[in-house]
Amino acid sequence: MKEEVNRHEILEKVMPLVENTAMRFNLVPVEVDFTKENHRWYLRIFLFSYDHPVNLDDCENVTRSIQDFLDELIPCKYYLEVSSPGLERKFKSDKEYLIFRGRNVSIKLKEQPTDGSEQIFKAKLVDYDEREGITIIRLEDEKEMVLPLSAIKSTKLYFE
């Protein structure tokens, strides 16, 4: 008999383990996803560090620390992938606005601004508020703006 896998329940079970383990190595899990692709389950963990670029040792340390515990929490065969989020990855959760405060980002708005400015622009991410949205300083003219998240199509880190 085939066992049904509830991805949301699995994520609920593994999140505390992933967060605590990452914290021990001075890392932050930016994204944790449990998904099925081509009839195979994948647990993907994307890590970030405030004080250094995430490297292979960081990924290995987290993998070795959680692997045996994950096998007890996940009732099916799965593949574990631990990596950094990458430089050009789009933000996938609101918590990333907090994690990447102070960093430069590229923002794409859902609609063309009425003031004639660009729909896609570079900015420094100053702050995030759940109700108000994000506070940024647009790099081209150093204008401070508050953008509601509902106006934003996508955000990603920007490196020159």
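Residues numbered from 1 in each chain as written. Predicted model: local features only at pLDDT ≥ 70, side-chain atom pairs only at ≥ 80, totals over all residues. Heavy atoms only, no water.

Is there a simple way to think about the pairing of strand 1 (residues 28-37) in this case?
One face of the sheet, then the other: side chains in a regular strand alternate in exactly this way. Burial analysis of strand 1 places seven of its 10 residues in the buried class, the great majority of the element. Bridging between strand 1 and strand 2 (residues 40-48) involves nine bridges; their strand directions are antiparallel. Looking across to strand 2, one finds that valine 32 is bridged to isoleucine 45. (Buried < 20%, exposed > 50% of the residue type's maximum accessible area, 1.4 Å probe, protein only. Helix = DSSP H or I, 4+ residues; strand = E, 2+ residues; numbered from the N terminus. Pairing = 2+ DSSP bridges.)

It is not clear to me how the environment of valine 82 should be interpreted in this structure. Could you clarify?
Locating valine 82 in the fold gives a position in strand 3 (residues 78-83). Spatially, the C-alpha atoms of valine 82 and phenylalanine 25 are 14 Å apart, while their sequence positions differ by 57 residues. Setting aside anything within four residues of it in sequence, one finds valine 82 in contact with Ile45, Leu47, Cys59, Val62 and Thr63. (Contact = heavy atoms within 4.5 Å.)

Please explain the packing of helix 1 (residues 7-24) against helix 2 (residues 56-73) as it appears in this structure.
Packed helix pairs are specified by the crossing angle of their axes together with the interaxial distance, meaning the distance between the axes. At a minimum axis separation of 10 Å, helix 1 and helix 2 run at an interaxial angle of 160°. Considering their axes alone, helix 1 and helix 2 lie roughly antiparallel with respect to each other. Of the two elements, helix 1 crosses helix 2, and the hand of that crossing is right-handed. In this structure, helix 1 uses Ile10, Lys13, Val14, Leu17, Val18, Thr21 and Arg24 to contact helix 2, whose residues at the interface are Val62, Ser65, Ile66, Phe69, Leu70 and Leu73. A per-class count over the contact of helix 1 with helix 2 returns nine nonpolar, two polar and two charged. (Axes fitted to C-alpha atoms, helices over the stretch in contact; angles between N-to-C directions. Parallel < 35°, antiparallel > 145°, perpendicular 65-115°, else oblique. Left-handed = near helix turned anticlockwise from the far one by under 90°. Nonpolar A, V, L, I, M, F, W, Y, C, P; charged D, E, K, R; others polar.)

Got a minute to help me understand the environment of isoleucine 120 in this structure?
Inspection of the secondary structure assignment puts isoleucine 120 in strand 5 (residues 120-129). Here the alpha-carbon distance between isoleucine 120 and lysine 110, two residues 10 residues apart in the chain, equals 9.4 Å.

I tried to follow the sheet that holds strand 6 (residues 133-138) on my own but got confused; where do I start?
Consider a sheet: its strands pair through backbone hydrogen bonds, and that pairing is either parallel or antiparallel. Taken together, five strands build an open sheet; the order of strands is 7-6-5-4-8 and the sheet is antiparallel. Here the strands that pair on one side only, and so sit at the sheet edges, are strand 7 (144-147) and strand 8 (152-157). With direction set aside, neighbouring strand axes in the sheet form an average angle of 40°. Here strand 4 (residues 104-109) runs beside strand 5; their pairing, made up of five bridges, is antiparallel. Looking at the pairing, isoleucine 107 lines up with phenylalanine 121 of strand 5.

Is there a simple way to think about helix 1 in this case?
Its 18 residues place the ends of helix 1 25 Å apart at the C-alpha level, agreeing with the 26 Å of an ideal helix rising 1.5 Å per residue. The sharpest bend along helix 1 reaches about 35° and sits at valine 14, with the proline proline 16 one to four residues further on. Summarising the contacts, the buried residues of helix 1 are in contact with strand 1, strand 2 and helix 2. Where helix 1 begins, one side-chain oxygen reaches toward the backbone nitrogen of histidine 8, 3.0 Å away; that side chain belongs to asparagine 6. Once helix 1 ends, the next one or two residues include asparagine 26, with phi positive near 60°. (Expected span 1.5 Å × (residues − 1). Bend = angle between axes of the 7 residues up to and from the residue. Polar contact = N/O pair within 3.5 Å; in protein donor to acceptor, adjacent residues only side chain to side chain.)

I keep staring at the sheet that holds strand 1 and nothing clicks. Help me out?
On the basis of which strands lie adjacent, the open sheet formed by three strands has the order 1-2-3 and mixed pairing. The open sheet has two edge strands, strand 1 and strand 3, and neither has a second partner. Between one strand axis and the next, the sheet turns through 15° on average, direction left out of account. Along the sheet, helix 1 makes contact with strand 1 and strand 2, crossing strand 1 at roughly 150°. In the packing of helix 2 onto the sheet, contacts are made with strand 2 and strand 3, and the angle to strand 3 comes to roughly 155°.

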